[in-house]
Amino acid sequence: MRKYEVMIIIDPDTDERQVPGTLDNYLKVITDAGGSVENIDIWGRRRLAYEIQKKPEGIYAVVNLTATPADVQELDRQLGINESIMRTKVLRTDHS
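In this report, we go over the structure that sits alongside the text. Throughout, a residue's number is its position along its own chain's written sequence, starting from 1. Per-residue local features of the predicted model are confined to residues with pLDDT of at least 70, and side-chain atom pairs are confined, for both listing and counting, to 80 or more; whole-chain, interface and lining totals are unaffected and use all residues. With hydrogens and water stripped out, all remaining heavy atoms of the structure feed into the side-chain values.

## Overview of the overall build of the chain
The following threshold applies: Helix numbering and strand numbering both begin at the N terminus, where a helix is a DSSP run of H or I of at least 4 residues and a strand a DSSP run of E of at least 2. The reference for a compact globule is 2.2 Å times residues^0.38; the radius of gyration itself is calculated from the C-alpha atoms. Residues are treated as being in contact if the distance between any of their heavy atoms lies within 4.5 Å. Per-residue and other accessible areas were derived by the Shrake-Rupley procedure at a 1.4 Å probe size, with only the shown protein chains allowed to occlude residues. None of His or the chain ends enter the tally, which takes Lys and Arg as positive and Asp and Glu as negative. Charge coordinates come from a single atom per side chain, which is NZ of Lys, CZ of Arg, CG of Asp or CD of Glu.
Broken down by element type, the chain carries 2 helices and 4 strands. Reading the chain from its N terminus to its C terminus gives the helix and strand order β-α-β-β-α-β. Radius of gyration (C-alpha) of the chain: 13 Å, near the 12 Å computed for a compact globule of 96 residues. Contacts in the chain between residues far apart in sequence, at least 24 positions, make up 73% of those at least 6 positions apart. Of the roughly 5,800 Å² that the chain leaves accessible, carbon and sulfur atoms contribute 47%. Across the chain, the 13 positively charged side chains and the 16 negatively charged ones have centroids separated by 4 Å.

This is how it looks when you write it as structure tokens:
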């Protein structure tokens, strides 16, 4: 098990009240496999440095979790399939 930080940019057309529920659905991949989600920090609507999919804004969320590399890869794959997820970035926070 390793610690990861996942940054997710969600389509700004999504209702911000639906974001926590949507993230929980995807994070079940981690919890069902025995990993843990330490923190979900929803930053809210922010202006992007450059347009993604012709949209100047996005809803940012940062998730800290502990899981196996294969589980995180599956989470990233599932997030990439969803059309309301504009961009994801996975970082490993422990360097051991």
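## What to know about the pattern of salt bridges
Threshold: One speaks of a salt bridge when a side-chain nitrogen belonging to Lys or Arg is within 4 Å of a carboxyl oxygen belonging to Asp or Glu. Note on classification: 1.4 Å probe, protein chains only; a residue is buried when its accessible area is under 20% of the maximum for its type, exposed when over 50%, partly exposed between these limits.
As enumerated under the stated definition, the model contains 5 salt bridges in all. D15 is the salt-bridge partner of R17, the closest N and O atoms lying 2.9 Å from each other. By relative accessible area, which is 72% here, R17 ends up exposed. The partner of E16 in a salt bridge is R45, and the shortest N-O contact between them spans 3.5 Å. Separated by 29 residues along the polypeptide, E16 in the loop between strand 1 (2-10) and helix 1 (19-32) and R45 in strand 2 (residues 36-52) bring together distant segments of the chain. Exposure remark for E16: the relative accessible area of 37% places this residue in the partly exposed category. Via salt bridges that share partners, D11, D13 and K55 belong to a single interconnected network.

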